[in-house]
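# Per-entry structural report
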Amino acid sequence: MTAPAGRAPRPDDLVWPAQARVTLYGVCIGLRVANPDHLAPLLAHMPYGAEPAPAQPVDRMYSAVMLNRGQPTYHLSTGSRRTTQRFDDFERLARAFAADARHFVALRAQHRVFIHAGVIAFGDQAILIPGRTLTGKTTLVAELLRAGATYYSDEYAVLDEAGWVHPFAKALSIRTTVDQPQTLVDAATLGVPGGTVPLRIGAVLSTRYVSGARWRPEPLSAGHVALCLFDNAIAARSRFAEVCRVISVALDGRIRAWHGTRGEARQVAGWMVAQLSDPGA
């Protein structure tokens, strides 16, 4: 089914021939599409680990409709306020849906704290690279994967109440420049394994990319590591006590940490591998 030409219709005015619900960490996401062919591709963009939940009440509903057959536009309505976004192609809609769904889960997750961070693993320890968008964490994650790391996430570190880090994989979102759109790269195409079990944090690397910068890392104190993770935590203000408690538990143990601005990711990845290979470093 394709909606008629003109303005995006109100979601409640349409018939939705295909719908689905999934749940993750106590959050239920609903998805309905005016074109049944769109359901499977959008379900493939659901957050990592989501499970079908056909009978569960929905916490957020997403509605996707295509207008105009000749020059189609795609509209995505989100949430109870029915915020609507317009896209010129379906892939852009799918990416926007995926990003919003992941963020909504991060905000509402029960018994989990989400932190903006790339996450890889060496051996049985998780390595966190905290940072927001455009700090270069995904590029560094990709280089560490090429150097033999196991992939956990390039967007969020997911911590449980005991401080263990869980996988939250997605295609890596790599930018060649700040002005260029993200290119999605499946970790499998890099020939690297994906993490499947929760791990303790073994190291934290707080860094951001600055063109031409020399890599001169300095040790980061335990207090500064905690502040860094808190600063990058989702819902840090609305769930202050919970976030503080989980971070404290997660950092209970010997954790190595460094900070500094960086240039090219390959040099930093090589340095990081050397540090992790030397327990006494």
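Reference entry: report on the structure contained in this document.

Conventions adopted
- Residues numbered from 1 in each chain as written.
- Predicted model: local features only at pLDDT ≥ 70, side-chain atom pairs only at ≥ 80, totals over all residues.
- Heavy atoms only, no water.
- Salt bridge = Lys/Arg side-chain N within 4 Å of Asp/Glu carboxyl O.
- Helix = DSSP H or I, 4+ residues; strand = E, 2+ residues; numbered from the N terminus.
- Expected span 1.5 Å × (residues − 1).
- Buried < 20%, exposed > 50% of the residue type's maximum accessible area, 1.4 Å probe, protein only.
- Polar contact = N/O pair within 3.5 Å; in protein donor to acceptor, adjacent residues only side chain to side chain.
- Pairing = 2+ DSSP bridges.

## What to know about the pattern of salt bridges
Close approach of charged atoms allows side chains with opposite charge to pair. Considering all chains together, one arrives at nine salt bridges under this definition. Close ionic contact of Asp89 with Arg92 constitutes a salt bridge, the shortest N to O distance being 3.3 Å. Across the salt bridge formed by Arg239 and Glu242, the nearest N and O atoms sit 2.9 Å from each other. Connected via shared salt-bridge partners are Glu143, Arg146 and Arg266.

## Observations regarding helix α2 (residues 90-108)
Note: α-helices contain 3.6 residues per turn, so residues at a spacing of three or four share the same orientation. Between its first and last C-alpha, α2 extends 27 Å over 19 residues, near the 27 Å set by a 1.5 Å rise per residue. Along α2, the residues that are buried comprise Phe90, Leu93, Ala94, Ala96, Phe97, Ala98, Ala101, Arg102, Phe104, Val105 and Ala106. Measuring from the backbone nitrogen of Glu91 back to the side-chain oxygen at the start of α2 gives 3.1 Å, which picks out Asp89 as the cap.

## A closer look at the pairing of strand β1 (residues 18-24)
Counting buried positions along β1 yields five of seven residues, so the element is predominantly enclosed. Taking the residues that link successive antiparallel strands as the turn, the β1-strand β2 (residues 27-33) hairpin has two residues, and the phi of Tyr25 there is positive, at about 55°. When β1 meets strand β3 (residues 51-52), the two strands line up antiparallel, connected through two bridges. Across the sheet, Val22 pairs through a bridge with Pro52, a residue of β3.

## A few points about the pairing of strand β4 (residues 60-67)
Within β4, six of the eight residues are buried, which leaves the element mostly enclosed by the surrounding structure. Pairing of β2 with β4, which is carried by five bridges, proceeds in the parallel orientation. Looking at β4, one finds that Leu31 is bridged to Tyr62. Here β4 pairs with strand β5 (residues 73-78) via six bridges, running antiparallel. Bridge assignment links Val65 to a residue of β5, and that residue is His75. Counting the residues in the hairpin turn of β4 and β5 gives five residues, including Asn68, whose phi is positive at 70°.

Note that all results are geometric; they support no functional claim without further evidence.
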